[in-house]
Amino acid sequence: MTGVPTTLSIGQLAERTGLSVHALRFYEHEGLFVNPVRRDPGGRRVYDQDDVDWLTVCVILRASGMPLPVLRRYTDLVRAGAGNERERLTLLREHHGQVADQIGRLTQSLDLVKFKIGVYEDLLDQEAGAPAG
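Because the structure is predicted, anything quoted here is derived from the model rather than measured.

(A) Quick peek at the nonpolar core. Of all hydrophobic cores here, the largest spans 24 residues; its most connected members are Leu13, Leu24, Tyr27, Phe33, Tyr47 and Leu55. Breaking this core down by element, the ones donating at least two residues are α1 (10–17), α2 (21–29), α3 (49–63) and α4 (68–80).

(B) Quick peek at the side chain of Arg88. Of note, Arg88 is situated in helix α5 (residues 85–129). Nearest to the buried, unbridged Arg88 among oppositely charged side chains is Glu85, at 4.5 Å. Those residues in contact with Arg88 that sit more than four places away from it in its chain are Tyr74, Leu77, Val78, Gly81 and Ala82.

(C) Representation of the packing of aromatic side chains. In total, this model carries 3 aromatic pairs according to the counting rule given. Where Phe33 meets Tyr47, the ring centres are 5.8 Å apart and the plane angle is 25°; that geometry is what we call stacked. In this pair, Phe33 sits in the loop between α2 and β1 (38–39) while Tyr47 sits in the loop between β2 (45–46) and α3, placing the two residues 14 residues apart along the sequence. Of the residues examined, Phe33 reaches a relative accessible area of 5% and is grouped as buried. Taking the centre distance of 5.9 Å and the plane angle of 20° together, the rings of Trp54 and Tyr74 count as stacked. Here Trp54, found in helix α3, pairs with Tyr74, found in helix α4; they are 20 residues apart in sequence, far enough to count as distant. Taken as a pair, Trp54 and Tyr74 share a single burial class, namely buried.

(D) Geometry of the packing of α3 against α4. It is at 11 Å that the axes of α3 and α4 come closest, and there the two elements cross at 150°. Viewed along their axes, α3 and α4 adopt a mutual orientation that is roughly antiparallel. The interaxial crossing formed by α3 with α4 has right-handed handedness. Between α3 and α4, the contacting residues are Trp54, Cys58, Leu61 and Arg62 on the first element and Leu68, Leu71, Tyr74, Thr75 and Val78 on the second. Split into classes, the residues belonging to the contact of α3 with α4 amount to 7 nonpolar, 1 polar and 1 charged.

(E) Just a nonpolar patch on the surface, in detail. Taken together, the side chains of Leu112, Phe115, Val119, Tyr120 and Leu123 present a nonpolar region at the surface, about 500 Å² in accessible area. By the secondary structure assignment, Tyr120 is in helix α5.

(F) Examining the packing of α1 against α2 more closely. Running from N to C, α1 and α2 cross one another at 100°; their axes reach a closest spacing of 9 Å. Our classification of the angle between α1 and α2 gives roughly perpendicular. For the pair α1 and α2, the contacting residues are Ile10, Gly11, Leu13, Ala14 and Thr17 in the first and Val21, Leu24 and Arg25 in the second. Looking at the contact of α1 with α2, its residues break down into 5 nonpolar, 2 polar and 1 charged.

Rules of the game
- Residues numbered from 1 in each chain as written.
- Predicted model: local features only at pLDDT ≥ 70, side-chain atom pairs only at ≥ 80, totals over all residues.
- Heavy atoms only, no water.
- Core = buried A, V, L, I, M, F, W, Y, C linked by side-chain atoms within 4.5 Å.
- Buried < 20%, exposed > 50% of the residue type's maximum accessible area, 1.4 Å probe, protein only.
- Helix = DSSP H or I, 4+ residues; strand = E, 2+ residues; numbered from the N terminus.
- Lys, Arg positive; Asp, Glu negative; His and termini not counted.
- Salt bridge = Lys/Arg side-chain N within 4 Å of Asp/Glu carboxyl O.
- Contact = heavy atoms within 4.5 Å.
- Phe/Tyr/Trp six-rings, centres within 6.5 Å; stacked < 30°, edge-to-face > 60°.
- Axes fitted to C-alpha atoms, helices over the stretch in contact; angles between N-to-C directions.
- Parallel < 35°, antiparallel > 145°, perpendicular 65-115°, else oblique.
- Left-handed = near helix turned anticlockwise from the far one by under 90°.
- Nonpolar A, V, L, I, M, F, W, Y, C, P; charged D, E, K, R; others polar.
- Patch = residues over 30% accessible without salt bridge, like charges linked within 9 Å, V, L, I, M, F, W, Y side chains within 5 Å.
- Areas by Shrake-Rupley, 256 points an atom, 1.4 Å probe, with all protein chains shown as cover.

Set out below in structure tokens:
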């Protein structure tokens, strides 16, 4: 394809993933890239679509509350390749349970907020309907 770069700079990767350049360097330092970060002849980091795809997974898992050590373990398992799928599944099932619990707590919070909004809307409606006196 013409016009589509096969490699990306760290700035382009930041733009595509929504992570800052600082965060990308942190992810590299923490071992959260599945593939080693490559460098061009000038020593600058270069990335490809596989890196974009992997970091998108990482961003979503972090947003779901996955702790860095767990994400690092998952990355290590993926990097190791076939043969550890059972451990990956266990890790993801545990995280699924934590996310489901978090959603339950957030749903309770949302229900309370909706209730309180209704209370104040009713209160203000009653005040607006009261005769001036």
